[in-house]
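Understanding the architecture of this molecule
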Amino acid sequence: MRKLIYIAFSFFIITSCQDIVQVDVPLGTPRLVIDASFELYLSETPVATEGGVRLTLSAPFFEEEIPTVSNAIVFITNLESNEVIDFEESGELGFYVPENGSFIPEFGNDYQLTVDYEGETYTAVTRLIPTVAIDDVQQGDGTLFEGDETEVIVSFTDDGSRDDFYLFDFDFSLFSPSEDRFYQGKTFNFSYFYENPMAGKDVTIKILGIDERYFNYTSILIEQSEQDGGNPFSTPPVTIRGNIVNTDNPDNYALGYFNLSEADRFIFSIQE
């Protein structure tokens, strides 16, 4: 009996004495984040480029709002012709678009993005990467783990004359990178599953041509973003360095990427 009393008393002490522990999460120095992505639609009339340059600052983990950058100078230079395309901030804070409303990159030319911010210059150089067309999109009846996912089956034909890397955009900020190592020059189809209810919705599915470095960059980025939103008490994710360089102070590097993609899109209606 005495032993049982000791056990009960010990359990009471353990369960009753709870201290609140406050953990200081390191904030870190805010860095400039440059998301400069453009999609060229050559198969559409008129030919148009969609995208722009989004400038923000990295924020602490628990910050609800991401700070935007409005006091920067942004332009793109065609290094073959030395033509300069000046950008201006649009109606959306931190989002810069061409002043003349048009930017049509060409294959085989090097393009340099320049961002001047707080006395330092950030640059990146890239080329327009080709893609292929989406042949077809069909709705399937397959499911995954939950049993209520919506399957879409995407078909396209790879160009066998080159090594291709693709980024598929399934709308709603859902992306999937792919490389043609196992289907070079062949018609290929694969399934993608939407987890949220999709019946009656129209979705725009895109295929973007990307280079190998951007393929690796997006693969890591997508892998990290799928870790249930992250956890400040777990092992920190790897800092992903893109192709942007601070030419004045390399240690104060920017995050983000400058990418030019030829793109093709397919609008598809999800059935009940």
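Numbers given to residues run from 1 along each chain, matching the order in which its sequence is written. Thresholds applied to this predicted model are a pLDDT of at least 70 for local features of residues and 80 or more for the giving and counting of side-chain atom pairs; totals over whole chains, interfaces and linings are not thresholded and use all residues. Think of the side-chain values as coming from all heavy atoms in the structure, minus any hydrogens and water.

1. Details of the packing of aromatic side chains
Basically, it comes down to this: Here is the rule: rings of Phe, Tyr and Trp (six-membered ring for Trp) pair when centre to centre is within 6.5 Å. Planes less than 30 degrees apart are stacked, more than 60 are edge-to-face, and the remainder are tilted. Secondary structure follows DSSP: runs of H or I at least 4 residues long count as helices, runs of E at least 2 residues long count as strands, and numbering of each begins at the N terminus. Between buried and exposed lies partly exposed: a residue is buried under 20% and exposed over 50% of the maximum accessible area for its type, with that area taken using a 1.4 Å probe on protein chains only.
Scanning all chains against the criterion turns up 22 aromatic pairs. When the centroid spacing of 6.0 Å and the interplanar angle of 75 degrees are considered together, the rings of F38 and F87 count as edge-to-face. Highlighted residues: F38 in strand 1 (residues 32-41) and F87 in strand 4 (residues 83-89), separated in sequence by 49 residues. Looking at F38, the relative accessible area reads 2%, which means it is buried. On the basis of an interplanar angle of 25 degrees and a centroid distance of 6.2 Å, the ring pair of F168 and F170 is categorised as stacked.

2. Some details on the sheet that holds strand 12 (residues 187-194)
For clarity, the threshold we go by: Strand pairing is assigned whenever DSSP identifies at least 2 bridges connecting the two strands. Only the contacting stretch of a helix is used when fitting its axis, a line to C-alpha atoms as for every element, and angles between N-to-C directions run 0 to 180 degrees.
In space, the three strands of this open sheet follow the order 8-9-12, with antiparallel pairing throughout. Strands at the two margins of the open sheet, each flanked by one partner only, are strand 8 (134-140) and strand 12. In this sheet, adjacent strand axes meet at a mean angle of 20 degrees when their direction is disregarded. As judged from the six bridges shared by strand 8 and strand 9 (residues 150-157), these two strands associate in the antiparallel manner. Its bridge partner being in strand 9, V137 is matched across the sheet by V154.

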